[in-house]
Amino acid sequence: MSVLTVSGLAKSFGGVQALRDVNFTLAAGEILAMIGPNGAGKSTCFNCINGQLRPDLGSVTFAGHELIGLPPRRIWRLGVGRTFQITATFGSMTVAENVQMALISHHRRTRAPWTLATRLHREEALALLDAVGMRDQAERRCSVLAYGDLKRVELAVALAHGPRMLLMDEPTAGMAPKERIALMALTAGIVHDRGISVLFTEHDMDVVFANADRIIVLNRGELIAEGTPAAVRDNPMVQEIYLGAGSMFGAAAAGAHA
Amino acid sequence: MLEVQGLHTHYGRAEILADVSFAVGAGEVVALLGRNGAGKSTTLKSIMRLVRPTKGEVTFLGERISRLDPYQICRRGLGYVPEDRRIFTDLTVVENLEVARQAPRAGAPLWTLERLFHLFPNLAERRHRSARAMSGGEQQMLTVARTLMGNPRAILLDEPSEGLAPVIVEQMARAVQELKAEGVTIVLSEQNLHFAAVVADRAIIIEKGRIRYTGTMRAALADETVRATYLMV
Amino acid sequence: MGFYVVQFLTGLASAASLFLVASGLTIIFGVTRVVNFAHGSFYMLGAFIAYSLVKTLPLGPTGFWVGVVLAALAVGVIGVVMEVTILRRIYQAPELFQLVATFGVVMVAKDAALLFWGPEDRLGPRAPGLNKAIELFGSRVPEYDLVVIALGFVVLGLLWLLFNRTRWGAVVRAATQDREMLSALGINQKLLFTAVFFLGSVLAGLGGALQLPRASVSHQMDLSIIATVFVVVVLGGMGSIPGAFLAAVIISELSAFGILIFPKITLVLMFLVMVVVLVARPFGILGKPVPDVGEPVQSDETLTRLPSALGWAGYVAVVALLLAIPMLLSEFYLVLWTQVFIFALFAASLHFIMGGGGMVSFGHAAYFGLGGYGCAMLLVRAGLPMEATLLLAPVVAAAGAALFGYFCVRLSGVYMAMLSLAFAQIVWSVVFQWSDVTGGEDGVNRVWPSPWAKDRVVFYYLTLTLAAVGIFTLWRLLFAPFGYTLRAGRDSPMRAESIGIDIRFHRWLAFIISGAAAGVAGSLLALAKGFVGPTWVDIPRSIDALMMVLIGGVQTLVGPILGALTFVILEDRLSAFDYWRSAFGLIIILICVLMPKGIVGSGRALIGRLGLGGGGER
């Protein structure tokens, strides 16, 4: 049973075809990685799904709803959570308040004029922070957090409305190797517990191969390969256009310097 | 060639660098390693005076540069390649390069457009196109090429492999090796250990704004404690 | 037929001159991100200086053209002096500080012009050798207009060559995008900025000097052109020279022909076109998205906490003190303090959207004025009692804010600020031109409070109460979910949208609330003075509000109040002097240079540096 169905997605920018006829599905509880060279159309594809962009053709259905034409905020209300490549948190608020903000929105109380915002949905927020291991930093301001911790806060915010699917754009960009693995392991654990599906893009192949149930590969706007991590890794076409000789990830590098 | 002594940098009240000191010899490739927020980029920016250190001295070719403006530092032959590319998207590829052109410099390789296009063939095909239309990998190459237009004797290279496809990272590594062969001194900050392992002679590991380890790249990779404690692989 | 051709050419000649001024502004903005209010003053000074030079130099074409060129160069030098002595010191400060500082220069320049050229308008000579008219389709076109048109095209061409065919031009274009990166590539940014200011100011001076044979030189030239130039620059797309040209032609032709068709609303027409274009193309005709300017502050140090219990106790004590002192005050101080309360509320209303929502309004006087005029109309023309007008006037202001805000919240940064300025100018034009109802230039008199409130002390209490309640309500809103939602939209619009927040809608609500609060302030001032006039909605009034907020410190709650206090007291102390305007301008400039975080922010920084702060924030 698929949660997300992308079919016939196409988008061009001023004559450049960024996406052409992209089709894939995401099953319930599945972790799907989207990889491909820079400029292959990953971001475009992502933005068509999350409502930032409107594709020229095609359809994206999520749990029976057509997403094309909906603004991002409506897509969120349908149960899609997001994290960003470059962390986007509310810098003037504390960690807890960031999560509370998402909860305030979820409970449709953004127009409340009088109650103090810091007192709303606090327990719920702390529970979410607990899940990502950030409870002890709940009262710190987001602008002073370490990068890896910000990523965890983002995850907690993305989980606030109990989403059925998470879209994660390069979730581990800018992190140290061990942190990357840890963050993705944390994510994988949470989504498995809650039955959430995940679609993520990533350049770190160590992370991709360790966590993805399935991988799709984009190149020049087209889906050129799809399959299990092992199958994609051994696909000669994928090696040529994207993975390279393998010196830039995992086992090969370790071997080279052993 | 480049000597950093007792560098302290603050953002507001937060201390980002504490007493960072190291020296880089001519022709060396040194990698600053450490996790995000450890202070790698800030170190490079502090050397370039794009952020103002609160304390510390930087000397380049025997001259104290820690009181100069960034443009003066650049004109002394120290180039800087930023982490987030920052190409001029309204300009064509050639214009991007021309903006950074400086007079030939004694003791440094002389770069012409043709030589740069030879180093980065992808750029040649797009020389009169707007830089906006380029992919992330091509933009990264353009940033490096742009800095080389100043004929630097040394360059500071901030996260050259970040956000690039493995196949592009391999090209980048080859370019860095060619620069080294030309005699350009390079200090790079890097998270991608695979990349650093391929290009760097020496490793400096920074954590929480302090230098924790200095040694050859080979030794750093071989040292189990270093790997486990700082490199986190 | 001939008549229309002539009308078209006259429009084109105005467009050429307008383009010169606008291109200068757009170049300066593009590179330095400074919204230079003094640009209109440079235009005026260009005209005045050219007037003096042409009179001094020998008669004849050579004397005239040398005079024009020298005047333009002189203005260029003035621009450089401003850049080097003032702006260079505050490039690091929030961008709005630079704007306020340039407005200080506007005041100084106005007084300088009065001092050197006297208060009368000056009529320049006809251009020697070009004082005839040419017959075209049976109508006559002044030769000089044709020359000005040609010059407009020549300058457009030269600027295009400069920016697209020279390395310096490429450097300037690169600087519009990322000037810090340029400095790391060996470009001396200081020199570049100064050069750009010189070029931009020369163009403004040239635009002014060329007007000499076409119109008289007046002291109103500065602010009257700056509003138009802002429209042109925004319409064309900030930073785009061809855009500025196109927009100058559109605007000039619009008024050339508009005056034939709708003589009554020509002033409004230009702003309406701007609204229509910006709604369709949020970055102007040929503009590209610019890095956001007008972000008033770094978000993470702004408005993080409501006052503590101790803080509230302090505020209550201050209000109590203010409640107690009327007995001790002379009538003069009663009036002065009443004004402080009114302006504190006005400033707090602007601060609400700026600090809380990251929205900058250059036209907040619109809602202040709508409140004032609403009150005056309802009281004097409709004969309602004061109590009713005090309730209804803010509704009028809120309705205006709802209408204008609907468009404003579609934009961000400078574009939003400029659009708000345009709306304020629409209100001003209506007030000014619809004299049957609004009294035009004379305004409305006899706007008196009800008999029970006429007593100064009672009115003092009335204002204090309304202002205190108003300000407290705004503060409380900022820390309610609504205020947090606004802040979320300010800190990270992308993230806010991705957690289901409709930012535009919340911003619009905030705009309306802010407009209503400004309306309360406006109606109170109307009652306090017994009068409203067009100056209530003019550009200086809008800038006043901006100054109060920035001078006080936008990142704090009390900032606007202290800003209003400083402002009212300064104005009162200085108004006795002949050249009070320049004194005021100089003080504004000094504050901008010396206290780039505002009074409260800089005070805190000082306390922090002296080690007196109790540990500070987490």
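Since the structure is predicted, the reported quantities are computational estimates derived from the model, not experimental observations.

Reading the values: the criteria
Residues numbered from 1 in each chain as written. Chains lettered and ligands numbered in written order. Predicted model: local features only at pLDDT ≥ 70, side-chain atom pairs only at ≥ 80, totals over all residues. Heavy atoms only, no water. Pairing = 2+ DSSP bridges. Helix = DSSP H or I, 4+ residues; strand = E, 2+ residues; numbered from the N terminus. Axes fitted to C-alpha atoms, helices over the stretch in contact; angles between N-to-C directions. Contact = heavy atoms within 4.5 Å. Expected span 1.5 Å × (residues − 1). Buried < 20%, exposed > 50% of the residue type's maximum accessible area, 1.4 Å probe, protein only. Buried area = accessible area lost by both parts, 1.4 Å probe. Salt bridge = Lys/Arg side-chain N within 4 Å of Asp/Glu carboxyl O. Polar contact = N/O pair within 3.5 Å; in protein donor to acceptor, adjacent residues only side chain to side chain. Nonpolar A, V, L, I, M, F, W, Y, C, P; charged D, E, K, R; others polar. Parallel < 35°, antiparallel > 145°, perpendicular 65-115°, else oblique. Left-handed = near helix turned anticlockwise from the far one by under 90°. Domains from an automatic or database assignment. Patch = residues over 30% accessible without salt bridge, like charges linked within 9 Å, V, L, I, M, F, W, Y side chains within 5 Å. Areas by Shrake-Rupley, 256 points an atom, 1.4 Å probe, with all protein chains shown as cover. pLDDT = per-residue confidence, 0-100. Phe/Tyr/Trp six-rings, centres within 6.5 Å; stacked < 30°, edge-to-face > 60°. Lys NZ or Arg CZ within 6 Å of the ring centre and 35° of its normal. Core = buried A, V, L, I, M, F, W, Y, C linked by side-chain atoms within 4.5 Å.

(A) Structural context of the sheet that holds strand S10 (residues 210–216) of chain B. All names here are of chain B. An order of S6-S7-S8-S3-S9-S10 is seen for the six strands of this open sheet, with the pairing classed as mixed. The open sheet has two free edges, formed respectively by strand S6 (78–81) and S10, since each of these has just one partner strand. Each adjacent strand pair in this sheet contributes to an overall mean axis angle of 15°, direction not counted. Relative to S10, strand S9 (residues 202–207) runs antiparallel, the two sharing six bridges. Paired with Glu 207 across the strands is Arg 210, a residue of S10. On top of the sheet, helix H6 (residues 136–148) reaches S6 and strand S7 (154–158); it is set at about 165° to S6, its chief contact. On top of the sheet, helix H7 (residues 166–181) reaches strand S3 (29–33), S7 and strand S8 (185–190); it is set at about 155° to S8, its chief contact.

(B) Local environment of helix H11 (residues 266–280) of chain C. Residue and element names in this part refer to chain C. In a regular helix each residue adds 1.5 Å, so 15 residues correspond to 21 Å; H11 covers 22 Å between its end C-alpha atoms and thus fits that length. Every buried residue belonging to H11 is among Thr 266, Val 268, Leu 269, Met 270, Phe 271, Val 273, Met 274, Val 275 and Leu 278, and all of these are buried. Considering only its buried residues, H11 is in contact with helix H9 (221–236), helix H10 (241–261), helix H15 (386–408) and helix H16 (413–433).

(C) Structural view of the interface of chain C and chain A. The interface is formed by 35 residues belonging to chain C together with 38 residues belonging to chain A. It is Pro481(C), Arg495(C) and Ile499(C) that lose the most area in chain C upon contact with chain A, and together they represent 22% of the buried surface on that side. One can count three salt bridges joining chain C with chain A. Glu154(A) is paired through a salt bridge with Arg495(C); the nearest N and O atoms lie 2.8 Å apart. Where chain C meets chain A, there are 19 residue pairs in polar contact (both at pLDDT 80 or more).

(D) A look at the pairing of strand S4 (residues 57–62) of chain A. All names here are of chain A. Bridge count for strand S1 (residues 2–13) against S4 is five bridges, and the pairing is antiparallel. Across the sheet, the residue bridging to Ser 7 is Ser 59, located in S4. Two successive antiparallel strands, S4 and strand S5 (residues 65–66), enclose a turn made up of two residues, where Ala 63 displays a positive phi of approximately 45°.

(E) How the structure looks around the interface of chain B and chain A. Of the residues lining the interface, 26 residues belong to chain B; the matching set on chain A comes to 29 residues. Buried area between chain B and chain A, both sides added, is near 2,000 Å², and the carbon and sulfur share of it is 59%. If you look at where chain B meets chain A, you find two residue pairs in polar contact (both at pLDDT 80 or more). In terms of residues, the side of chain B that touches chain A owes the most to one element, H7(B), which gives six residues. For the side of chain B that touches chain A, the residue count by class is 15 nonpolar, eight polar and three charged.

(F) Summary view of the packing of helix H14 (residues 365–381) of chain C against H15(C). Residue and element names in this part refer to chain C. One can describe the packing of H14 onto H15 by two numbers: an axis separation of 8 Å at closest approach and a directional angle of 140°. Judged by the angle between their axes, H14 and H15 are oblique. Here H14 runs over H15; the crossing is right-handed. Taken together, the residues of H15 that come into contact with H14 (itself represented by Tyr 367, Leu 370, Gly 371, Gly 374, Cys 375, Leu 378 and Leu 379) are Met 386, Thr 389, Leu 392, Ala 393, Val 396, Ala 397, Gly 400, Ala 401 and Phe 404.

(G) Up close: the domain arrangement of chain A. All names here are of chain A. Segmentation of chain A into domains returns domain 1 (2–79 + 163–256) and domain 2 (91–162). Each of domain 1 and domain 2 was reduced to a C-alpha centroid, and the two centroids are 26 Å apart. Contacts between domain 1 and domain 2 engage 19 residues on the former and 16 residues on the latter. For the domain 1 and domain 2 pair, buried surface summed over both sides reaches about 1,500 Å², with 65% attributable to carbon and sulfur atoms. On the domain 1 side of the contact with domain 2, Trp 76, Arg 77 and Pro 163 bury the most area, a combined 39% of that side's loss. At the boundary of domain 1 and domain 2, one finds zero salt bridges. At the boundary of domain 1 with domain 2, the tally comes to three residue pairs in polar contact (both at pLDDT 80 or more). Every element with two or more residues in the side of domain 1 that touches domain 2 is listed here: helix H2 (72–77), strand S7 (165–169) and helix H6 (177–194).

(H) Highlighting a nonpolar patch on the surface. Residues and elements named next belong to chain C. A cluster of nonpolar residues, Phe 3, Tyr 4, Ile 259, Leu 260, Ile 261, Phe 262 and Ile 265, forms a patch on the protein surface that exposes about 690 Å² of accessible area. Looking at the nonpolar patch, the elements that each hand over two or more residues are helix H1 (2–32) and H10. Considering every element that reaches the nonpolar patch, the biggest residue donor is H10, with three residues. Turning to its location among the elements, Ile 261 is positioned in helix H10.

(I) Spotlight on the side chain of Thr42(B). All names here are of chain B. Structurally, the position occupied by Thr 42 is in helix H1 (residues 40–48). The exposure class of Thr 42 is buried, given its relative accessible area of 9%. Those residues in contact with Thr 42 that lie beyond four places of it in its chain are Thr 9, Tyr 11, Ile 16, Leu 17 and Val 51.

(J) Inspection of the confidence of the model for chain B at higher detail. Within chain B, residue pLDDT values average 89, and 97% of them lie at 70 or more. As scored by the predictor, the complex reaches a pTM of 0.87 and an ipTM of 0.92.

(K) Region of interest: the packing of aromatic side chains. Residue and element names in this part refer to chain C. In the structure shown here, the tally under the stated rule is 37 aromatic pairs over all chains. Ring geometry for Tyr 315 against Trp 475: centres 5.1 Å apart, planes inclined by 65°, an arrangement best described as edge-to-face. Taken together, the residues span a long stretch of sequence, with Tyr 315 in helix H12 (residues 309–324) and Trp 475 in helix H18 (residues 456–479) at a distance of 160 residues. Classification of Tyr 315 as partly exposed rests on a relative accessible area of 26%. Ring centres 6.1 Å apart and planes at 40° place the aromatic pair Trp 337 and Phe 341 in the tilted group. A residue pair is termed a helical-turn pair when its members lie 3 or 4 positions apart in one helix, as Trp 337 and Phe 341 do in helix H13 (residues 331–357) at four residues. Among the aromatic residues, those joined into a ring-pair cluster are Tyr 367, Phe 404, Tyr 406, Phe 407, Phe 423, Phe 505, Trp 508 and Phe 511. In this arrangement the basic side chain of Arg 487 is found over the ring face of Tyr 484, its NZ or CZ atom lying 4.5 Å from the centre. Above the plane of the ring of Trp 536 lies Arg 541, whose end atom (NZ or CZ) is 5.9 Å from the centre.

(L) Region of the structure containing the sheet that holds S5(A). All names here are of chain A. With antiparallel pairing, four strands are arranged side by side in an open sheet as S2-S1-S4-S5. Both edges of this open sheet fall to strand S2 (16–27) and S5, since each of them pairs with a single strand only. By the bridge criterion, two bridges tie S4 to S5 in an arrangement that is antiparallel. The partner of Thr 61 across the bridge, within S5, is Glu 66.

(M) Focus on the pattern of salt bridges. The full count for this structure, using the stated rule, is 32 salt bridges over all chains. Close ionic contact of Asp544(C) with Arg541(C) constitutes a salt bridge, the shortest N to O distance being 3.9 Å. Residue Asp544(C) and its partner Arg541(C) are located together in helix H22 (residues 539–552), separated by three residues, close to a single helical turn. Salt bridges sharing common partners tie together Glu30(A), Arg214(A) and Glu226(A).

(N) Up close: the environment of Lys55(B). Tracing the backbone through its elements, the reader meets Lys55(B) in strand S4 (residues 55–60). The exposure class assigned to Lys55(B) is exposed, which follows from its relative accessible area of 53%.

(O) Main features of H16(C). The terminal C-alpha atoms of H16(C), which comprises 21 residues, lie 30 Å apart, in line with the 30 Å expected from a rise of 1.5 Å per residue. Taking burial as the measure, the 21 residues of H16(C) include 17 buried ones, the bulk of the element.

(P) Spatial organisation of the nonpolar core. Counting residues in each nonpolar core, the largest one holds 351 residues, and the members touching the most others are Leu129(A), Phe200(A), Leu78(B), Phe19(C), Phe37(C) and Phe362(C). Among the elements that line this core, the one with the most residues is H13(C), at 15 residues. Dropping the residues within four chain positions of it, Leu78(B) is found in contact with Leu2(B), Ile47(B), Met48(B), Phe60(B), Ile65(B), Ile73(B), Ala154(B) and Leu156(B).

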